[in-house]
Amino acid sequence: MMAKVDKSLPLEYQTEQSRLNILGFWIFLGAEVVLFATLFAAYGSLKDNFAGGPTPAELFKLKDVMIETLLLLTSSFTCGIAIWYMRRQNLKGLLTWLIITLALGAGFVFVEINEFIHYVHEGATMQTSAFLSSFFVLLGTHGLHVSLGIGWAILIIIQLIRHGLTPTTARKTFIISLYWHFLDVVWIFIFTFVYLARMVF
């Protein structure tokens, strides 16, 4: 039996299955909020325990953090443009802006990995102090989520190329966009409370 399609709705919401899947993903994002809230709470409790190791003022470089922030926030903007093209049934525009989004995300991951390598060379590892343990776990979890998001989006791009824009591929694309915007929001909190607060105060 064919799924009923309501063409009065945006493409990603046109079938009941798509609407249920999107609702389910919002619930999943709620669980992700709890995960990151727990990691932020752990960091907040341990951020002043340096154990004689490097402090944030000694480690953090505003230039690198600003590059990461610019890359990831720009990728959120380009992801929004991709969805704009999707809503207009423009597959070429959608694919173009999705690829740009992933390139920016990959640039973010590259800069973050180099940042971690620099910290390790400075003697800052997870074993050095409670501050660094909580720092690496929080940022590492976020970075892993971004990396998984890139892999996930690549699989969706392959499906878009093979099957074109359908209610199913549109729903999958919309869901990955929600995930991507969520990771950008998490990064804003990381930038504000982990980096900026420690460099300013």
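For the structure itself, look to the data block above.
For clarity, every value in this text was computed on a predicted model and none was experimentally measured.

This part is about the packing of aromatic side chains. Given two aromatic rings, one states the distance between the centres and the angle between the planes to describe the pair. Under the counting rule described, the total for this entry stands at 23 aromatic pairs. Between Phe60 and Phe135, the aromatic rings sit 5.4 Å apart at their centres with planes inclined by 35 degrees, giving tilted as the arrangement. Residue Phe60 is found in the loop between helix H2 (56-59) and helix H3 (62-87), and its partner Phe135 is found in helix H5 (residues 130-163); the two are separated by 75 residues along the sequence. When its relative accessible area of 1% is taken as the criterion, Phe135 is described as buried.

Further remarks concern the packing of helix H1 (residues 16-46) against H5. Two numbers describe how H1 lies on H5: the axes approach to 7 Å, and their chain directions differ by 155 degrees. The pairing of H1 with H5 is recorded here as roughly antiparallel in orientation. Relative to H5, H1 is oriented so that their crossing is left-handed. Where H1 approaches H5, its residues Phe25, Glu32, Leu35, Phe36, Leu39, Phe40, Ala42, Tyr43 and Leu46 are matched on the opposing element by Ala130, Phe131, Ser134, Phe135, Val137, Leu138, Thr141, His142, His145 and Trp152. Tallied by class, the residues present in the contact of H1 with H5 amount to 14 nonpolar, four polar and one charged.

Turning to the packing of helix H4 (residues 91-121) against H5, a few remarks are in order. It is the contact of H4 with H5, at a shortest axis distance of 10 Å, that shows an interaxial angle of 155 degrees. One finds that H4 runs roughly antiparallel with respect to H5. In this structure, H4 crosses over H5, and the sense of that crossing is left-handed. Classifying every residue of the contact of H4 with H5 by side-chain character gives 21 nonpolar, five polar and two charged.

With that settled, the discussion passes to the environment of Val65. Position of Val65 among the secondary structure elements: in helix H3. Exposure remark for Val65: the relative accessible area of 1% places this residue in the buried category. Each C-alpha atom of the pair Val65 and Ala42 lies 21 Å from the other, and the pair is 23 residues apart in sequence. Residues in contact with Val65, not counting those within four places in the same chain, are Phe191 and Tyr195.

Here H4 spans 45 Å end to end across 31 residues, near enough to the 45 Å set by a 1.5 Å rise per residue. The N-terminus of H4 is capped by Asn90, whose side-chain oxygen sits 3.3 Å from the backbone nitrogen of Lys92. Remark: Gly123 follows H4 within two positions and exhibits a positive phi of approximately 85 degrees.

Cut-offs applied
Residues numbered from 1 in each chain as written. Predicted model: local features only at pLDDT ≥ 70, side-chain atom pairs only at ≥ 80, totals over all residues. Heavy atoms only, no water. Phe/Tyr/Trp six-rings, centres within 6.5 Å; stacked < 30°, edge-to-face > 60°. Helix = DSSP H or I, 4+ residues; strand = E, 2+ residues; numbered from the N terminus. Buried < 20%, exposed > 50% of the residue type's maximum accessible area, 1.4 Å probe, protein only. Axes fitted to C-alpha atoms, helices over the stretch in contact; angles between N-to-C directions. Parallel < 35°, antiparallel > 145°, perpendicular 65-115°, else oblique. Left-handed = near helix turned anticlockwise from the far one by under 90°. Contact = heavy atoms within 4.5 Å. Nonpolar A, V, L, I, M, F, W, Y, C, P; charged D, E, K, R; others polar. Expected span 1.5 Å × (residues − 1). Polar contact = N/O pair within 3.5 Å; in protein donor to acceptor, adjacent residues only side chain to side chain.

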